[in-house]
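# Inside the fold
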Amino acid sequence: MENKIEARKKFIYEQVGEEAIKLLKESGLNIDNAVTNILREQEEQREKLEAQAEFGTVEDIMTSELVYKSKSTEDVFGKEYSRRLYLIGLDDNQIKGLHQVESLILSTGSMSEERKQPWVRRYFIMPDSTPEKMPKVGEMTLSELILITDDANSAFWRDHHVLSGEAWQALCIAACCAQYTEARYAYGFNARTEKLGWSKAQSGAYTKNECLLTERLKWGHHENPAWTPETTNLEQFKR
């Protein structure tokens, strides 16, 4: 982005002319900062529009999926990722560290084909699921740990009459909605965020906002937005 900004700035200066630039500077205007800020805003908007054209609005992408699509924390996906985590109280070092951890998990190649589709609509519990086929906790990002739990909980109530045998056993491993379900991935999410130093309120806010996305975009339960200052207010998750 910076190279593009510098190239466009040079072009603007050439069009305006040295005398006009000199007059503006002599009048006290910090022309370099002003032009740079304008061009940076334009470039960020261009990136966002290009991303929306290809993937849909970034607000509708699961949080770990933003890492999957980003090249760094400085592109449009990385900035949306940082914006969300700032809302739940993470600082720059925590965000960059988590981005690296999630990137490492994504680089293992596990579920590489499944990750190519929009994550919010992924299904994990199938009629041919077995306990042996269930993904390992360590091979899943934070959002995927929530997605598989959410999918299993939904299947528990929706598909209990058609799932049997090993598929039902697999579902009970992932679900967390009954006393006899294992909640493997929910426990995995809590254990990982605890190691990362997150408070229970931060973990709760992350989970709630990811589920707001699935409830709206996968299950059609509501039209409410996720990852807003209101939905991430940590006071409502303290207990």
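The coordinates are above.
To start, this report covers the structure provided alongside it. For clarity, every value in this text was computed on a predicted model and none was experimentally measured.

When helices and strands are counted, the chain shows 10 helices and 0 strands. Seen in sequence order, the chain has helices and strands lined up from the N terminus as α-α-α-α-α-α-α-α-α-α. Within the chain, the proportion of its 239 residues that are buried is 44%. When contacts within the chain are restricted to residue pairs at least 6 apart in sequence, those whose partners lie at least 24 apart make up 62%. Summing over all exposed atoms, the chain offers an accessible surface of approximately 13400 Å²; the carbon and sulfur share of this is 52%.

Glancing now at the side chain of Glu 210. Inspection of the secondary structure puts Glu 210 in helix 10 (residues 200–217). Excluding residues within four positions of it along the chain, Glu 210 makes contact with Met 62, Thr 63, Ser 64, Arg 84, Ser 143, Ile 146 and Trp 227.

By size, the foremost hydrophobic cluster in this structure holds 50 residues, and its most contacted members are Leu 85, Ile 88, Ile 125, Leu 171, Tyr 185 and Tyr 206. Those elements that place two or more of their residues in this core are helix 4 (63–69), helix 5 (76–87), helix 6 (92–106), helix 7 (142–158), helix 8 (165–174), helix 9 (184–195) and helix 10. Broken down by element, this core gets its largest block of residues, 8 residues, from helix 7. Leaving out residues up to four positions away in the same chain, Ile 88 has contacts with Trp 198, Gln 202, Ala 205, Tyr 206, Trp 227, Thr 232 and Leu 234.

This part takes up helix 8. For helix 8, the complete set of buried residues consists of Ala 167, Ala 170, Leu 171, Cys 172, Ile 173 and Ala 174. Contacts made by the buried residues of helix 8 are with helix 7 and helix 9.

Our next topic: helix 10. Compared with the 26 Å implied by 1.5 Å per residue over 18 residues, the 26 Å span of helix 10 between its first and last C-alpha is a close match. Most of helix 10 sits out of view: 14 of its 18 residues are buried.

This part covers the packing of helix 7 against helix 10. It is at 10 Å that the axes of helix 7 and helix 10 come closest, and there the two elements cross at 60°. As judged from the angle between their axes, helix 7 and helix 10 are oblique. Regarding helix 7 and helix 10, the two cross each other, and that crossing is right-handed. On helix 10, the residues that touch Leu 142, Ser 143, Ile 146, Leu 147 and Asp 150 of helix 7 are Tyr 206, Thr 207, Glu 210, Cys 211 and Thr 214. Of the residues in the contact of helix 7 with helix 10, the class split is 5 nonpolar, 3 polar and 2 charged.

Our next topic: the packing of aromatic side chains. The tally for this structure, following the rule as stated, stands at 8 aromatic pairs. Aromatic pair Phe 189 and Tyr 206: ring centres 5.8 Å apart, planes at 40°, arrangement tilted. Here Phe 189 is found in helix 9, whereas its partner Tyr 206 is found in helix 10, with 17 residues between them in sequence. Residue Phe 189 shares its accessibility class with Tyr 206, and that shared class is buried. Between Trp 198 and Tyr 206, the ring centres sit 5.6 Å apart and the planes meet at 50°, which makes this aromatic pair tilted. Assessed through its relative accessible area of 8%, Trp 198 is described here as buried. Taken together through their ring pairs, the aromatic side chains of Phe 156, Trp 157, Trp 168 and Tyr 180 make up a single cluster. Looking at Arg 122, its charged tip hangs above the ring of Trp 119, at a distance of 5.2 Å from the centre. It is Lys 218 that lies over the ring of Tyr 123; its NZ or CZ is 4.2 Å from the centre.

How each quantity is defined
- Residues numbered from 1 in each chain as written.
- Predicted model: local features only at pLDDT ≥ 70, side-chain atom pairs only at ≥ 80, totals over all residues.
- Heavy atoms only, no water.
- Helix = DSSP H or I, 4+ residues; strand = E, 2+ residues; numbered from the N terminus.
- Buried < 20%, exposed > 50% of the residue type's maximum accessible area, 1.4 Å probe, protein only.
- Contact = heavy atoms within 4.5 Å.
- Areas by Shrake-Rupley, 256 points an atom, 1.4 Å probe, with all protein chains shown as cover.
- Core = buried A, V, L, I, M, F, W, Y, C linked by side-chain atoms within 4.5 Å.
- Expected span 1.5 Å × (residues − 1).
- Axes fitted to C-alpha atoms, helices over the stretch in contact; angles between N-to-C directions.
- Parallel < 35°, antiparallel > 145°, perpendicular 65-115°, else oblique.
- Left-handed = near helix turned anticlockwise from the far one by under 90°.
- Nonpolar A, V, L, I, M, F, W, Y, C, P; charged D, E, K, R; others polar.
- Phe/Tyr/Trp six-rings, centres within 6.5 Å; stacked < 30°, edge-to-face > 60°.
- Lys NZ or Arg CZ within 6 Å of the ring centre and 35° of its normal.

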